[in-house]
Amino acid sequence: MGNKGKQRSGNQRRQVIFLFLLPLLCGALSKQIRYSIPEEMDRSSVVWNLAEDLGLHVRDLLTRNLRVSAEKQYLTVNMENGKVLVSDRIDRESPCPKNPLCVVPLEIVAENPLNVSQVNVIIEDINDNPPHFPQNSIVLQINELAIPGTRFGLESTIHADIGLNSLQSHQLSYSEHFSLMVEGKTEGKNSPELVLEKPLDREQQSSHLLVLTAVDGADPVRTETQIRIKVTDANNNPPVFNQDVYKVSLRENSPSGTFVLKVKATDQDEGISAGITYSFKTLDIGNMSVLDHQSGEIKSKDPIDFEISSSYTISIEEDVGSIGTECKIILEILDENDNGPEVVFTSVSSSITEVAEPGAVIALFETHDKDSGENGEVTCLIKERAPLRIGSSANNYYKLVADGALDREQTPEYTVTIADTDRGKQLLSSSRSVTLHISDVNDNTPVFHQASYVIHVAENNPPGASIAQVSASDPDLESNGHVSYSILAGDLEPRPLPSYVSVSAQSGVVFAQRAFDHEQLRAFELTLQARDHGSPALSANVSLRVLLGDRNDNAPRVLYPALGPDGSALFDTVPRAAQPGYLVTKVVAVDADSGHNAWLSYHVLQASEPGLFSAGLRTGEVRTARALGDRDAARQRLLVAVRDGGQPPLSATATLLLVFADSLQEALPDLSDHSEPTDPQAELRFYLVVALALVSVLFLLVVILAIALSLRRSSSLATWCCFQQGFLPTTTRALCLIPTI
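Quick notes on the rules
Residues numbered from 1 in each chain as written. Predicted model: local features only at pLDDT ≥ 70, side-chain atom pairs only at ≥ 80, totals over all residues. Heavy atoms only, no water. Phe/Tyr/Trp six-rings, centres within 6.5 Å; stacked < 30°, edge-to-face > 60°. Helix = DSSP H or I, 4+ residues; strand = E, 2+ residues; numbered from the N terminus. Buried < 20%, exposed > 50% of the residue type's maximum accessible area, 1.4 Å probe, protein only. Lys NZ or Arg CZ within 6 Å of the ring centre and 35° of its normal. Contact = heavy atoms within 4.5 Å. Salt bridge = Lys/Arg side-chain N within 4 Å of Asp/Glu carboxyl O. pLDDT = per-residue confidence, 0-100.

*Asks:* Can you tell me about the packing of aromatic side chains, naming the residues and giving the values?
*Replies:* Across all of its chains, the model carries 8 aromatic pairs by this definition. Residues Tyr-35 and Trp-48 carry aromatic rings whose centres are separated by 3.7 Å and whose planes lie at 5 degrees to one another, so their mutual orientation is stacked. Taken together, the positions of Tyr-35 in strand β1 (residues 32–38) and Trp-48 in strand β2 (residues 46–49) put the pair 13 residues apart, joining distant regions of the chain. Comparing Tyr-35 with Trp-48 shows no difference in burial state: the two are buried. Through successive ring pairs, a cluster of aromatic residues spans Phe-345, Phe-365 and Tyr-398. Arg-514 extends its terminal NZ or CZ atom over the ring of Tyr-500, reaching a point 4.2 Å from the ring centre.

Here you go:
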């Protein structure tokens, strides 16, 4: 334990070997970084400063989730300072029990984006294991007739450390009869042999006690065991094996009772001295095989696992009376494809953008197969059709990388199944699935539902009313797919655009800011824009053409005949001999509306002589309908109505003053007499008043007559009237006189 403490104190002197150092941010490294650290370091000990070695800023460690990925988590990264710390006990003998060079592969993984760096950590051995004897004491029986130079094999000494820390030598306590010889090392074992130097005499000394000491390299550390030698009586001929070393192979997982080997030894003695008994000298194989002590036949007891050990060295000893000898059996275990491959995902990128370039690392996984040779060689493939491929990394590590466009709008997530198969005669396979979520980027421009919009709006619309709605969609998510609308341009210049129309940024509804007048503006065109909220923002434009429809809001306007300066109608002359169809004049009118609203019709509304004139329905031409009669007045007043075709129709009137005369001099007297034209409405009112007065007078007469008739029927009416004359009013007295008269 003293050596162990000194080795730990030497942690400050650990050496860091850089075979190749590239920036971690460049992606998965093809070269590797190598560090060297001693085993048995205290937990939380600083191994190296990863952030400093790789040139990373400490503030980026947390966002990039920098970590160490390995089959067993010996090390971890301190996110506060970027230092790599020991998180678990590192025992070199655990991952590398027999390898002189213990290399533990690690993956330094950083996310956002996913980058992988290969790191090999060499675990240096310290002297933390003492030599080990299989037994605490060794008992040997040696015949007194044994010849000097005879060797007696001892069980191998086991030492888990390597190099200078491993077993260096054996020491034997002093004895004049025995010395120690070491042949060599086999698989970490050191096999010493006891050599007889001087003949034994049982009668002088029947037993010998020796101390065997195993010494390793550091400090050093010693381990002792006792050898007790019993000197037996004479047996002249020792047994002899047919071979000193047997080599045999056995397939792993062979069923119990499978024949392995039969050893054979012979003895030239006779009788009891010629009897041979076989037994295992080593104990580690005794649990896996059965030895027939009489025949020397060895059979398997339990299935042997190649993955535990690929070979065994067995020592068989035989006893004939008190003389024994031994042989060695080298048993090679043949690997069978009995272990299926296994896929383990060590890292999956938390942010996979849909614009990831081909070759971008998305996930990291490793494969395990405990078999060896072709049985342990693994091939991987992706079962599903996906824009992904598998790239080799290092050792049994693989990268899942992008191999095409990742369009989130088409496939928001991929469930990827990695199938791995070994190359054994009987193929074994396994699979592991992982779900990859594709994150959205603003890669889609808003799209309007129509290539262009054409709407019809009737004039005189109420201000603030909605006149249209445009709509655009964006398949991106959240702010990348949230669309706002605005008016980009219009052809209303020099009119101010905001005073005419506006658009709701959220709904795309277009509002009229004023009442439109078809007579001033027939149509206008707007350019609307739909813009998302991504970064950078994307936009699309669409044209909206607004056609203003006409309403019948303008009455016809008479252009001819025009009124005089004082507002009176002008006179036209008509020859007295005008025949039917003679063109007298033409009423000309216009309507500011359009379409049916401006379709004018002409009608004779009022005439001094009905039937004398007619008006063209569409032309407005006033013609004579018949010849002038003797009873017809020379002066004629004609009222022509002009109506449009709207609903409801609007109208205007034109007054024509016509004089039948053959010359202007003949028409002048008529013109002077009627310089002040009468108002037809005033004449109508006069006639109504006269009629009302006549009706009132007639009603009063009827009342008076009815009263007179009633008084006449009454015989006492006259007497009563006379009696009361002095008291009645003057009107009543007059009524009383009527019957008397």
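Resuming the write-up.
*Asks:* Summarise the environment of Pro-580; cite the residues concerned and give the values.
*Replies:* Relative to the helices and strands, Pro-580 resides in the loop between β43 (571–574) and β44 (583–586). Considered as a pair, Pro-580 and Ser-614 are 34 residues apart in the sequence and their alpha carbons are 9.8 Å apart. Contact partners of Pro-580, with chain neighbours within four places excluded, come to Thr-624, Ala-625, Arg-626 and Ala-627.

*Asks:* Account for the pattern of salt bridges, naming residues and giving values.
*Replies:* Throughout the structure, instances matching the rule amount to 15 salt bridges. Between Asp-91 and Arg-89 there is a salt bridge, and its shortest N-O distance comes to 3.5 Å. What makes Asp-91 buried here is its relative accessible area of 16%. Classification of Arg-89 by relative accessible area gives partly exposed; the value is 43%. A salt bridge links Arg-408 to Glu-409; its shortest N-O distance comes to 3.0 Å.

*Asks:* Outline the confidence of the model for the protein, listing residues and values.
*Replies:* Mean pLDDT over the protein stands at 80; residues scoring 70 or higher make up 83%. The model gives residues 1–31 a pLDDT under 50, and that stretch makes 62 contacts with residues more than four places away or in other chains. In the model, residues 719–741 has pLDDT below 50 throughout and makes 7 contacts with residues more than four positions away in sequence or in other chains.

*Asks:* Kindly report on unusual backbone geometry, identifying the contributing residues and their values.
*Replies:* In most cases, non-glycine residues show a negative phi, while peptide bonds are predominantly trans. For the bond running from Glu-493 to Pro-494, omega is 5 degrees, close enough to zero to count as cis. Structurally, the position occupied by Pro-494 is in the loop between β37 (483–490) and β38 (501–503). In this chain, Gln-647 is followed by Pro-648 through a cis amide linkage whose omega measures -5 degrees. Along the chain, the position of Pro-648 falls in the loop between β49 (635–643) and β50 (651–660).

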